[in-house]
Amino acid sequence: MKRLIKVAVALMIGGVLATGCPAGKRNRPRETKMLTFDKVSAETAKMALGRSHTCVLKDGDVYCIGKDKAGQLGFSDYVSPTAKGPVRQKNFGKLIPVFKPTGVSGYMGVAAGGVHTTVLSKEEHVYNFGEGKKYQVPPAMKQTPAGEQQEATKAVNFEPQRLIAPAQGERRYQAVIGTGRDYSIAQDRDGRAVLWGQIKYLKLQEPGFKGKKLLTVPTIFTDNKKDVFFKPGSLTASWAGFCGILSRATDKINAGKAVCVGNNKHGQFGENTLDGVLTAIPIENVEIIRTGGYQLSKAMLRLRKGDDAHTLVITNRHELFAAGSAGEGQLFLTPPSSTMGSLKGVKDIKTFTPVTFGKEKDLKFIGAALTAEGSFVLTNDGQLYFAGLSESGEAADGDPEKHSIIVKKGKALKPIFVWDGDEKVVKAWKGISASFEHACAEADDGKFYTWGANTFGETNRMARLGPDIIFPFPVEFSIDGNPQKLKPHNYAAAAKKAKKEAAKTEEKK
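Described below are features of the structure shown in this document.

What counts and what doesn't
- Residues numbered from 1 in each chain as written.
- Predicted model: local features only at pLDDT ≥ 70, side-chain atom pairs only at ≥ 80, totals over all residues.
- Heavy atoms only, no water.
- Helix = DSSP H or I, 4+ residues; strand = E, 2+ residues; numbered from the N terminus.
- Buried < 20%, exposed > 50% of the residue type's maximum accessible area, 1.4 Å probe, protein only.
- Contact = heavy atoms within 4.5 Å.
- Areas by Shrake-Rupley, 256 points an atom, 1.4 Å probe, with all protein chains shown as cover.
- Pairing = 2+ DSSP bridges.
- Axes fitted to C-alpha atoms, helices over the stretch in contact; angles between N-to-C directions.
- Disulfide = S-S within 2.5 Å.

1. Structural notes on the overall build of the protein chain
Then, number 1: Helix and strand counts for the protein chain come out as three helices and 36 strands.
Then, number 2: Among the 509 residues that make up the protein chain, the fraction classed as buried is 58%.
Then, number 3: A separation of at least 24 residues holds for 57% of the contacts in the protein chain among residues at least 6 apart in sequence.
Then, number 4: About 21,800 Å² of surface is accessible on the protein chain, with carbon and sulfur atoms providing 51% of the total.

Below, the structure is given as structure tokens:
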């Protein structure tokens, strides 16, 4: 254990001193691999990040880490020597496998919300666990002594609950997608979006949804009372809106168009989009949509503005477009008066604007993920870049202080790297997922790396509760479910100490 902590400290110090390391063999980057769009899409689907927990999919199992008070980590079916049967997960410090209910042979999809998690079984059934007060985990039905059916409502669900829609018969699903704080979306076999939970922030204007705050049973999203069919795997959701790519034409919009619906206060879905109305994004041949931001969340930790929102779009030509809030540089766009500090007074960008990185105009984008006020983009050479506010180490640059990463014209962004001991290693990243203040990425070595906010241990196995992790650190998987008694390590203090020592060394020179 002492050796592990020493290694972690070495990694931390190395990350902080990154900019001062001389060029040489130790800094020589590894050869990166060219990645294809389809492969990256599949790898990205393996990771799901909620407000205070992280889940990953590996070999048919879903593993989670972080806060579990509401049951959002699920049960572990790996029995500890002192327990009989499945045990409630606590902050074990390692990714723990989620319990499989009877009839589930394995999982093939995972999504995470504020305090709940949604998984897709190989049998094409959807299961939910976590808090259910707002029907984000729809209640199961139980039979009363009189033979009547009633809801078995639970505020906390540690065991995955099967999603059943009354009067809809047996429904099969092909995907579960990123969720809002208190709602979820699954895509059925035909491509329709099925919603449940709290939807008041979506401001849906359809007759069947208008004015509704909760969907107590899974409900198919419609437009003009007609079903809407989306391209498989194209759906993406945030706290107050969701987007997708149509696989069939509607009365208003042609097939193949990227569309969004929800709260559009910051123009994140385009300047002509009305709140709660399905509207096409004015960009042709869209392949990836990522929408995020705080989106009217009122219970966020360290809440600053309360309603920031932004969207990134990637076309099938691997071009990048951005719209929405831009005050912290999260759209990779540089207004003429920008500085290296926060972009004070910058208004929202309500038209989707093409993005290029200075001299590197030939970059091809194949993936994206969004934090509350930041953005990650993945290029086809496996490099990962970040722009926006780094308050909890989201920029993965070894700096524990709050600061903004802003693209300056003519200057290239620095790719996110990993420190192996005191050696700078450039990875070929295979996929990226992010939440409000933390991120998770899969590298070409098959390992999952996490960084950012660590208030509940959601990003790192070494620091069980805070402080933030300010450089990518590999997470491990539990094989027995036993709690890990790890000594919390103060990474922020170590970083400050390392910076002071580096400054003293520079002065002596």
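2. Concerning the sheet that holds strand S33 (residues 429-434)
Then, number 1: Strand order in the open sheet formed by four strands is S33-S34-S35-S36, and the pairing between neighbours is antiparallel. This sheet does not close on itself; its edge strands, each paired only once, are S33 and strand S36 (469-474). The mean angle between the axes of side-by-side strands here comes to 15°, regardless of whether they run parallel or antiparallel.
Then, number 2: Both S33 and strand S34 (residues 438-443) contribute to a ladder of five bridges, which runs antiparallel. Directly across from Ser-433, in S34, lies its bridge partner Cys-440.
Then, number 3: Contacting S33 and S34, helix H2 (residues 37-44) runs over the sheet at an angle of about 45° to S33.

3. Considering the state of the cysteines
Then, number 1: Summed over the entire model, instances satisfying the criterion amount to two disulfides.
Then, number 2: Between the sulfur atoms of Cys-55 and its disulfide partner Cys-64 the distance amounts to 2.2 Å. The chirality of the disulfide connecting Cys-55 with Cys-64 is right-handed, given an S-S dihedral of about 105°.
Then, number 3: Classification of Cys-55 as buried rests on a relative accessible area of 0%.
Then, number 4: A disulfide bridge connects Cys-243 with Cys-260, and the sulfur atoms are separated by 2.0 Å. Judged by the sign of its S-S torsion, about 105°, the cystine formed by Cys-243 and Cys-260 is right-handed.

4. Observations regarding the pairing of strand S3 (residues 61-66)
It is a general feature of regular strands that their side chains alternate between the two faces of the sheet.
Then, number 1: Burial analysis of S3 places six of its six residues in the buried class, which makes it a mostly covered element.
Then, number 2: Burial along S3 is two-sided: Asp-61, Tyr-63 and Ile-65 facing one way and Val-62, Cys-64 and Gly-66 facing the other are all buried.
Then, number 3: Pairing geometry for strand S2 (residues 53-58) and S3, over six bridges, is antiparallel. Of the residues in S3, the one forming a bridge with Thr-54 is Ile-65.

5. Things to note about the pairing of strand S8 (residues 116-121)
Then, number 1: Counting buried residues in S8 gives six out of six residues, a clear majority hidden from the surface.
Then, number 2: Burial along S8 is two-sided: the face carrying His-116, Thr-118 and Leu-120 and the face carrying Thr-117, Val-119 and Ser-121 are both buried.
Then, number 3: As paired elements, strand S7 (residues 107-112) and S8 share five bridges and run antiparallel to each other. Within the sheet, the bridge partner assigned to Gly-109 lies in S8 and is Leu-120.
Then, number 4: What sits between S7 and S8 in their antiparallel hairpin is a turn of three residues.
Then, number 5: In this sheet, strand S9 (residues 126-131) lies alongside S8 in antiparallel orientation, the contact comprising five bridges. Opposite Val-119, over in S9, you have Tyr-127 as the bridge partner.

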